[in-house]
Amino acid sequence: MKKAICSLAVLAALTSAQAFAHQEGDFIVRAGLASVVPNDDSDMNAGAKIEVDSNTQLGLTFGYMFTDNISFEVLAASPFTHDISLQGMGKVGETKHLPPTFMVEYYFGDSQSKLRPYVGAGINYTVFFDEKTSLGTLSLDDSWGLAANVGLDYMLNDDWFINGSIWYADIDTKAKIRGGVDVDVNVDIDPWIFMLSGGYKF
Ligand code: NI
């Protein structure tokens with residue numbers, strides 16, 4: 001009897017393994033921490049060089065599997081806040097931004113793999129808002145750019161998984177400061193985004 005129960009358990013495990021990981025038609029949701037780490041560079045203007053610091057927020061991804069291997073995915077997040085510094089002057093302001101990113105991704109492995117590494121390419125749109133500066137007014141132009149990512153999903157069971165991913169986005173903007181100091185600076189923020197999350201598929 002005990003042997004029979006054991007066999008049943010093994011059979012159940014094998015059967016559920018048939019549909020362990022993502023497969024065609026699945027919706028995939030992830031929620032976790034996303035850190036935006038700018039890799040910034042700006043041109044000099046009247047001796048002013050702009051620097052942007054890092055920030056971590058709630059990151060969300062929503063995906064749909066068109067096949068067992070190909071998905072469309074959107075990255076969303078709660079607004080990131082970054083300090084803006086002028087080289088030699090320290091912090092002169094801050095801005096918030098949202099970087100929605102639209103990706104097509106390829107997942108290696110198949111619907112039976114517990115581990116699904118993936119790579120993706122797509123487009124990032126970044127909108128800056130709530131810009132503030134002690135120097136007068138600050139505005140940052142919206143940015144469209146290419147994005148790429150790599151990630152790894154590890155299935156805990158049929159529905160839940162853990163994820164790690166790294167994103168790169170080409171985010172270029174022009175910062176305009178008006179007030180005592182008038183500065184127009186092209187800023188390449190081009191951040192790395194590091195995300196650790198839990199995921200659910202259905
Ligand atoms: Ni760039």
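Scroll up a little and you will see the structure.
Residues numbered from 1 in each chain as written. Predicted model: local features only at pLDDT ≥ 70, side-chain atom pairs only at ≥ 80, totals over all residues. Heavy atoms only, no water.

Engineer: Describe the overall build of the chain, listing the residues and the values that go with them.
Structural biologist: Looking only at helices and strands, one finds one helix and 15 strands in the chain. Counting the 202 residues in the chain, one finds 38% classified as buried. Counting only contacts in the chain whose residues sit at least 6 apart along the sequence, the fraction spanning at least 24 positions is 66%. For the chain, the exposed surface amounts to about 10,000 Å²; the carbon and sulfur share of it is 64%. (Helix = DSSP H or I, 4+ residues; strand = E, 2+ residues; numbered from the N terminus. Buried < 20%, exposed > 50% of the residue type's maximum accessible area, 1.4 Å probe, protein only. Contact = heavy atoms within 4.5 Å. Areas by Shrake-Rupley, 256 points an atom, 1.4 Å probe, with all protein chains shown as cover.)

Engineer: Describe in detail the coordination of the nickel ion, supporting the description with residues and values.
Structural biologist: For the nickel ion, the full set of protein donor atoms is Asp170 (OD), Asp172 (OD), Asp190 (OD) and Asp190 (OD), at a range of 2.0 to 2.5 Å. Coordination at the nickel ion is irregular: its four donor atoms span angles of 53 to 112° at the metal. Counting the intervening residues between successive donors of the nickel ion yields the motif D-x1-D-x17-D. Pair noted here: Asp170 is in the loop between strand S12 (160–169) and strand S13 (172–179) and Asp190 is in the loop between strand S14 (183–188) and strand S15 (192–201), with a separation of 20 residues, a long-range link. You can call Asp170 partly exposed: its relative accessible area is 28%. (Donors = N, O, S within 2.8 Å, 3.2 Å for Na, K, Ca; no water. Tetrahedral: all angles 85-135°; square planar, octahedral: opposite > 155°, others 65-115°.)

Engineer: Explain the pairing of strand S8 (residues 101–107) residue by residue, including any values.
Structural biologist: Residue alternation in S8 divides its side chains into a buried set, Thr101, Met103, Glu105 and Tyr107, and an unburied set, Phe102, Val104 and Tyr106. Note that strand S5 (residues 70–77) and S8 share six bridges and pair antiparallel. Within S8, the residue paired with Ile70 across the bridge is Tyr106. Note that S8 and strand S9 (residues 115–133) share seven bridges and pair antiparallel. (Pairing = 2+ DSSP bridges.)

Engineer: Tell me about the environment of Asp158, and name the residues and values.
Structural biologist: Mapped onto the fold, Asp158 is located in the loop between strand S11 (143–155) and S12. What makes Asp158 partly exposed here is its relative accessible area of 28%. Sequence separation between Asp158 and Phe20 is 138 residues; the distance between their C-alpha atoms is 4.8 Å.

Engineer: Pulling in residues and values, what's your account of empty space enclosed by the protein?
Structural biologist: Within the structure shown, the criterion is met by two cavities of 30 Å³ or more. Contributing to the lining of the largest cavity are Ile50, Val52, His82, Ile84, Thr95, His97, Phe128, Leu140, Thr173, Val187 and Ile189. Listing elements by their share of the lining of the largest cavity, those giving two or more residues are strand S3 (50–52), strand S6 (80–86) and strand S7 (90–98). When its residues are assigned to classes, the lining of the largest cavity shows seven nonpolar, four polar and no charged. (1 Å grid on protein atoms, 1.4 Å probe; cavity = no way out; pocket = protein on both sides within 12 Å on 5 of 7 lines; lining within 4 Å. Points joined across faces, edges and corners; volume = space filled by probe spheres on them. Nonpolar A, V, L, I, M, F, W, Y, C, P; charged D, E, K, R; others polar.)

Engineer: Lay out unusual backbone geometry in plain terms, naming residues and giving numbers.
Structural biologist: With a phi angle near 55°, Asp130 is a residue other than glycine that sits in the positive phi range. The backbone of Asp190 sits at a positive phi, close to 30°, despite the residue not being glycine.

Engineer: Which residues make up the side chain of Asn55, and what are the values?
Structural biologist: On the secondary structure map, Asn55 appears in strand S4 (residues 55–65). In terms of polar contacts, Asn55 uses its side chain to reach the side chain of Gln57, at 3.1 Å. Reaching out from Asn55, the side chain makes a polar contact with the backbone nitrogen of Thr81 at a distance of 2.9 Å. Residues contacting Asn55, with those up to four places away along its chain left out, are Ala34, Ser35, Val36, Pro79, Phe80, Thr81 and His82. (Polar contact = N/O pair within 3.5 Å; in protein donor to acceptor, adjacent residues only side chain to side chain.)

Engineer: So what about the nonpolar core? Which residues, and what values?
Structural biologist: Within the largest apolar cluster, 26 residues are counted, with the highest numbers of intra-cluster contacts made by Ile50 and Val187. Residue assignment for this core shows that the elements contributing at least two residues are strand S1 (27–37), S3, S6, strand S10 (136–140), S12, S13, S14 and S15. Beyond its immediate stretch of four places on either side in the chain, Val187 contacts Asp41, Ser42, Ile50, Val52, Ile171, Asp172, Thr173 and Ala175. In terms of nonpolar packing, the next biggest core, distinct from the first, is built from eight residues, Phe20, Ala21, Tyr107 and Tyr118 among them. (Core = buried A, V, L, I, M, F, W, Y, C linked by side-chain atoms within 4.5 Å.)

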